[in-house]
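Structural overview
Listed below, chain by chain, are the residues.
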Amino acid sequence: MPRHISFAEARRLILDRADLERSGWRSRDITDAVREGRMLRIQRNRYVLAEQFDDLWPEARHLVEIAAADAERKDGTSVFSYQSAAVLWGLPLARHVPDAVHVSMPADGRLVSRAALRRHADRLEPSEITNRFDVPCTTLARTLWDVCRVLPPSSGVAAADAALRIVASTSGGDPEAVERWRQSVLDIGRRKRGSRGAARAGTVIAFANGLAESTGESIARWMLAEIGFARFRLQVPVRGPAGSDYRVDIELEDENVLVEFDGAVKYRDDELRAGRHLDDILLLEKQREDWIRGVTQKRLVRIGWTDLDTPQVLAARMAAFRISPRP
């Protein structure tokens, strides 16, 4: 399974060319290692071992790329932004892999991009700049606004749901504080009305719900809305055995249908399985599903990543269960 790493770990994976040469690497050795695929050139003078890089989730790989760009950064005005700031904040990019590290600079700065580094001319307010891991980046609010403008809406919803979860955790779960923060993001859009993707970003941020607990669940909810389902409850409690509660990801309220996003990670990840055999996990899931159907007397549909390839694929999955949006 791919793994996540911290930014500190990402920094430790970076190999500096000068350090390599001091430890006995010749220029030809470095060139050969890159050509043979044993080493990857991340920035001009920064490298990473391919086997270590390939073992990471896309967001973790981008952390390595950011760490390399930060090590090469010589100016005092650039700020990590867009997808790069999102990764620093721990937001998912949901099927999007950045093709470069993104930084924002004053409009009158020297904006020369290169293959691994994309420079944006952005007028950032001082209140829109902060630090993460001693790295300058846009604030969570500004970052969310920017990524929702440039990413596909389903990816933007996953990032927005995650951002709302962060705000909820730092505000002690105060729903009014979360809503005020959402409005502060939308206020950024009002100040920048007319910018590319602004209307889409506003729609995505208004749709976001911090109760969503996973990227797949967020994308599923967005696609369900795209194919016509209108009202959702999230993390629906269902009385379970022995006084405990189960929670179901989504309820389609108008259809009295429960929807569970079933990612493969919980079945494959050794840490999440906690030493349990796969057959035991599947049996427990079946018993849980039967209990929920029996208690609620509602249909329950499981969907996975393959059902989220396109809205049309998801619509076909729902139609197979004779579930369609109410006219």
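Bear in mind that the values here come from a model prediction, so they are computed numbers and not experimental data. (Residues numbered from 1 in each chain as written. Predicted model: local features only at pLDDT ≥ 70, side-chain atom pairs only at ≥ 80, totals over all residues. Heavy atoms only, no water.)

**A look at the pairing of strand β7 (residues 129–132)**
- Pairing of β7 with strand β8 (residues 135–138) involves four bridges; the strand directions are antiparallel. Each residue of the ladder has a partner; that of Thr130, found in β8, is Cys137.
- Linking β7 back to β8 in an antiparallel pair, the connection comprises two residues, with Phe133 at a positive phi of about 60°. (Pairing = 2+ DSSP bridges. Helix = DSSP H or I, 4+ residues; strand = E, 2+ residues; numbered from the N terminus.)

**Here's the deal with helix α7 (residues 140–150)**
- Taken across its 11 residues, α7 has 10 buried, putting it largely inside the fold.
- Of the positions making up α7, those classed as buried are Leu140, Ala141, Arg142, Thr143, Leu144, Trp145, Asp146, Val147, Cys148 and Arg149. (Buried < 20%, exposed > 50% of the residue type's maximum accessible area, 1.4 Å probe, protein only.)

**A few points about the confidence of the model for the protein chain**
- Per-residue pLDDT for the protein chain has a mean of 90; in total, 91% of the residues score no lower than 70.
- When pLDDT is averaged over each element of the protein chain, helix α6 (residues 82–88) comes out on top at 98 and helix α12 (residues 265–268) at the bottom at 48. (pLDDT = per-residue confidence, 0-100.)

**Here we look at the side chain of Glu72**
- Within the secondary structure, Glu72 is located in helix α5 (residues 58–72).
- In this structure Glu72 comes out as buried when scored by relative accessible area, which is 10%.

**Things to note about the nonpolar core**
- Residues Phe7, Val64, Phe80, Leu88, Leu91, Leu144 and Trp181 are the most contacted members of the largest nonpolar core, which totals 54 residues.
- Among residues more than four places away in sequence, those in contact with Leu88 are Phe7, Leu63, Ile66, Phe80, Arg132, Phe133, Val135 and Cys137.
- With 21 residues, the next largest nonpolar core counts Met223, Val259, Val301 and Ile323 among its residues. (Core = buried A, V, L, I, M, F, W, Y, C linked by side-chain atoms within 4.5 Å. Contact = heavy atoms within 4.5 Å.)

**Quick word on the packing of helix α8 (residues 153–170) against helix α11 (residues 215–226)**
- Put simply, α8 and α11 touch, their axes get as near as 8 Å, and they point 130° apart. Comparing the axis directions of α8 and α11 gives the class oblique. Viewed along their axes, α8 and α11 form a crossing whose handedness is right-handed. Residues Pro153, Ser154, Val157, Ala158 and Asp161 of α8 form the contact with α11, whose own contacting residues are Thr215, Ser218, Ile219, Arg221 and Trp222.
- Of the residues that constitute the contact of α8 with α11, the class distribution is five nonpolar, three polar and two charged. (Axes fitted to C-alpha atoms, helices over the stretch in contact; angles between N-to-C directions. Parallel < 35°, antiparallel > 145°, perpendicular 65-115°, else oblique. Left-handed = near helix turned anticlockwise from the far one by under 90°. Nonpolar A, V, L, I, M, F, W, Y, C, P; charged D, E, K, R; others polar.)

**Re the sheet that holds strand β2 (residues 39–43)**
- Spatially, the three strands line up as an open sheet ordered β1-β3-β2, and their pairing is antiparallel. In this open sheet, the two edge strands, each paired with only one partner strand, are β1 (15–16) and β2.
- The sheet contacts of α5 involve β2 and β3 (46–49), and relative to β2 the element is tilted by about 55°.

**What to know about the side chain of Glu128**
- Mapping Glu128 onto the fold places it in the loop between β6 (117–121) and β7.
- For Glu128, a relative accessible area of 3% puts it in the buried group.
- Ignoring sequence-local partners within four residues, the contact set of Glu128 consists of Arg123, Cys137, Thr138, Thr139, Arg142, Ile188, Arg191 and Lys192.

**Notes on the packing of aromatic side chains**
- In total, this model carries four aromatic pairs according to the counting rule given.
- Between Phe7 and Phe133, the ring centres sit 5.5 Å apart and the planes meet at 25°, which makes this aromatic pair stacked. Here the residue Phe7 occupies a position in helix α1 (residues 7–13), and Phe133 occupies one in the loop between β7 and β8, the gap between them amounting to 126 residues.
- The buried category is assigned to Phe7, whose relative accessible area is 3%.
- Residue classification places Phe133 among the partly exposed positions, given a relative accessible area of 39%.
- Their ring planes at 80° and their centres at 5.1 Å tell us that Phe261 and Trp305 sit as a pair that is edge-to-face. (Phe/Tyr/Trp six-rings, centres within 6.5 Å; stacked < 30°, edge-to-face > 60°.)

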